[in-house]
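# Observations on the three-dimensional arrangement
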Amino acid sequence: MSEELQTADVVIVGAGPTGLMLAIELCLGGVTPVVLERLPEISEIPKGNGIFGLVVPLLDYRGLLEPLRAEATYTGPVPSFFFGPLTLDFSRLAASPLHVLAAPQRTVERKLTERLTELGGTVRRRHELTSLSQQDDSVTVDVSGPGGDYRLRTRYLVGCDGAHSPVRKLAGIDFPGVTSGTVARIGRVRVPADLIVPGTGELDVPGAGRLRIMQPVRTAGGSYSIGPQASLDKAAPRDVYIVSTQEEQPNADLTAPMTLDELADSVRRVLGADLPMSDPIWLTRLGSNSRQADRYQEGRVLLAGDAAHVVGVGGSLNAGLLDAVNLGWKLAAQARGTAPDGLLGSYHAERHAAGQRALLQSRAQRAISADDEYARAARQLVGELLAYPDAVRHVGETIAGSDVRYDMTRPGQEASPGELHDLVGRVAPDLQLRTPGGRTKVAELMRAARPVLLDFTQDGSAAKAAADWRGPVTLLVVKPLTGTAPADGMLIRPDGYVAWATGPGAADPAAGLADALRAWCQAPTA
Ligand SMILES: Cc1cc2nc3c(=O)[nH]c(=O)nc-3n(C[C@H](O)[C@H](O)[C@H](O)COP(=O)(O)OP(=O)(O)OC[C@H]3O[C@@H](n4cnc5c(N)ncnc54)[C@H](O)[C@@H]3O)c2cc1C
């Protein structure tokens, strides 16, 4: 162990998507964290093939969507999506509630790393946290690095270290939930070229017929999904396919190394026929977990991403990246000593509740996917309900995470006068705006990750009421470039959520604004 004690304001353990995003948010907030990652480089093992949900437009609010769009096979709202075995048809709605960014997870991690580097941050690769202990004013962590073991003392530690989170375990945080007997096996393999249907990429398999691609298919033995790798990565050879199966196998050995034979056996059981496969590029086997940490903060240790929740089907990356965007500015303010009372505590309050909603939709998908009389009945009834536009929108919003409305009333703050404005607690819409200096839009204003007050009044009365806060808060008198203003004034937190709004046409356009500024923003210096 090195004798020299290193110090840091914030240490992040894990440079997966959540840890990288959190590091970016902290840098934007003026605090450069130490990021520890035990892997030597970004893992080539394919994990997520896409991000879907509210975080996709929020990536635009950080200027990250454009660089990712160039590498994605699809970016934007989708006309339909799956809900377990059912299809959500958004085409009858005025707007789809679900945005998708179809890019491999390692591409996302690469782009986030590039952005972190631009902001002056780095990842300490091959550095593994091995233990931690908390003191009143700090956390001490032991690290095993390529140059030997060393000790770090930090004011805050965030575990973004995945589902098996050593940080969560060492901090003594429980991870209740369910582990079911469902086993998923996934492989990236070659299939014989003469099975591939030209033009469609479907497969003609002797004994099974023509296999549909890119959608889960239920069978008596479980379910399977098959798709050409080229649909995700244009440069991939046309005979490379991602083949996955799901079976109920409560007693399966999840510890032995996964083999091509195991995948082939599983395909045979599920499909009822042999699918010839060779040259496995990557193989994995997953048990099925649905769990959530009982608290996201224990003293000076916090959790985010899979360390805090394993959502299973439907939106783990969305939930994890939204954690990072929620936590980053709060933790940066806390570390800088400029956070209003209770700001950091609002992370658990807001994101634990959001995690419960993510688990709700994921568990519901599983429940209606089962193969028994009760599940079939629930599936039929849910399917009938999804014919109603309000129902399909609601389910879509739940998958997106946009059904979650943060409670913006903080202890000591008066509840908003009158009826709560519909935008409060939700992500600010990306309005196109005219400013005294030209044109802008909300997404551009949020790139600096600072609070913004938009004043839509004729006389700028909301901005005048907040004049003392100029500096910590960007004050702008604006007009919408299209349509009418949704409010007289709108205070947007650094994470893009609306903390306060009035009107339009309020008797006092600044009513409640001072409370909201005190609750969420750095106090102005006298
Ligand atoms: C096959 C597969 C397909 C998936 N598909 C999707 C999908 O399509 N969409 C979706 O939203 N999600 C998907 N997921 C889930 C998604 O991959 C995870 O939700 C996501 O990786 C979680 O990100 P994270 O940063 O929280 O954790 P991770 O990505 O697990 O990163 C944690 C990091 O912490 C590091 N670490 C752990 N312990 C230590 C330590 N002691 N010291 C230092 N570093 C440590 C690890 O090496 C790792 O890099 C999929 C997962 C799998 C396995």
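Our subject is the structure that appears above.
Structural notes, computed from the coordinates. (Residues numbered from 1 in each chain as written. Predicted model: local features only at pLDDT ≥ 70, side-chain atom pairs only at ≥ 80, totals over all residues. Heavy atoms only, no water.)

## Thoughts on the packing of aromatic side chains
Two aromatic rings are characterised by how far apart their centres lie and by the angle between their planes. To keep it simple, the criterion reads: What counts as a ring pair is set by centres within 6.5 Å for rings of Phe, Tyr and Trp (its six-membered ring), and what kind of pair is set by the plane angle: stacked under 30 degrees, edge-to-face over 60, tilted for all other angles. Going along the chain from the N terminus, every DSSP run of H or I of four or more residues is numbered as a helix, and every run of E of two or more is numbered as a strand.
Inspection of the entire model under this criterion finds 5 aromatic pairs. Seen in terms of ring centroids, phenylalanine 52 and phenylalanine 81 are 4.8 Å apart; in terms of plane orientation they differ by 55 degrees. Their pairing is tilted. Residue phenylalanine 52 is located in strand β3 (residues 51-52), and its partner phenylalanine 81 is located in strand β5 (residues 80-83); the two are separated by 29 residues in the primary sequence. Ring geometry for tryptophan 329 and tryptophan 520: centres 6.5 Å apart, planes at 50 degrees, overall tilted.

## A closer look at the layout of surface pockets
Rolled over the atoms, a probe with the dimensions of a water molecule shows which regions are left empty. Quick reminder of the rule: Cavities and pockets are found on a 1 Å grid laid over the protein atoms alone: a cavity is a set of points where a 1.4 Å probe fits but cannot escape, a pocket is an open set with protein on both sides within 12 Å along at least five of seven lines, and a lining residue has an atom within 4 Å of such a point. Grid points are joined across faces, edges and corners, and a volume is the space filled by probe spheres set on the points.
By volume, the second largest pocket is sized at about 690 Å³. Mapped onto the lining of the second largest pocket, the elements with two or more residues apiece are α2 (55-60), α3 (65-69), β4 (74-77) and α10 (389-400).

## Some words on the pairing of strand β10 (residues 139-145)
Worth spelling out the cut-off: Throughout this description, buried means an accessible area under 20% of the type-specific maximum (1.4 Å probe, protein chains only), exposed means over 50%, and partly exposed covers the range between. The criterion for strand pairing is that DSSP finds at least two bridges linking the strands in question.
Most of β10 sits inside the fold, with 6 of its 7 residues counted as buried. Strand direction decides the pairing type here: strand β9 (residues 128-134) and β10, joined by 6 bridges, are antiparallel. Pairing of glutamate 128 across the sheet is with serine 144, part of β10. In sequence, β9 turns back onto β10 through a hairpin of 4 residues. With 7 bridges connecting them, β10 and strand β11 (residues 148-159) associate as antiparallel partners. Of the residues in β11, the one forming a bridge with valine 141 is leucine 152. What sits between β10 and β11 in their antiparallel hairpin is a turn of 2 residues.

## What to know about the sheet that holds strand β15 (residues 217-219)
The cut-off we apply is this: For this analysis, residues touch if any pair of their heavy atoms sits within 4.5 Å. Every axis in this analysis is a line fitted to C-alpha atoms, fitted for helices over the stretch in contact. Angles between the N-to-C directions lie between 0 and 180 degrees.
Spatially, the 6 strands line up as an open sheet ordered β15-β16-β17-β12-β18-β21, and their pairing is antiparallel. One side of each edge strand has no neighbouring strand; the edge strands of this open sheet are β15 and β21 (309-310). Against the sheet, helix α6 (residues 260-271) contacts β12 (177-190), β15, β16 (222-228), β17 (240-248) and β18 (278-292), and its axis sits at roughly 65 degrees relative to β17.

## Brief notes about the site of the ligand
So the rule is basically this: Think of it this way: one heavy atom of a residue within 4 Å of a molecule or strand is enough to make that residue near it. Any pair of N or O atoms that falls within 3.5 Å is considered a polar contact. Within protein, one atom must be able to donate a hydrogen and the other to accept it, and sequence-neighbouring residues count only if both atoms are side-chain atoms. Residues are sorted three ways: Asp, Glu, Lys and Arg are charged, Ala, Val, Leu, Ile, Met, Phe, Trp, Tyr, Cys and Pro are nonpolar, and all the rest, Gly among them, are polar.
Residues in close proximity to the ligand total 28 residues, the closest being Thr18, Glu37, Gln105, Asp306 and Leu317. Arginine 38 has a polar backbone atom sitting 3.2 Å from a nitrogen atom of the ligand. Glycine 50 is positioned with one of its backbone polar atoms (N or O) 3.1 Å from a nitrogen atom of the ligand. When residues of the shell around the ligand are traced back to their parent elements, those giving at least two are α1 (17-28), β2 (34-37), β9 and α7 (316-336). For the shell around the ligand, the per-class residue count stands at 10 nonpolar, 12 polar and 6 charged.

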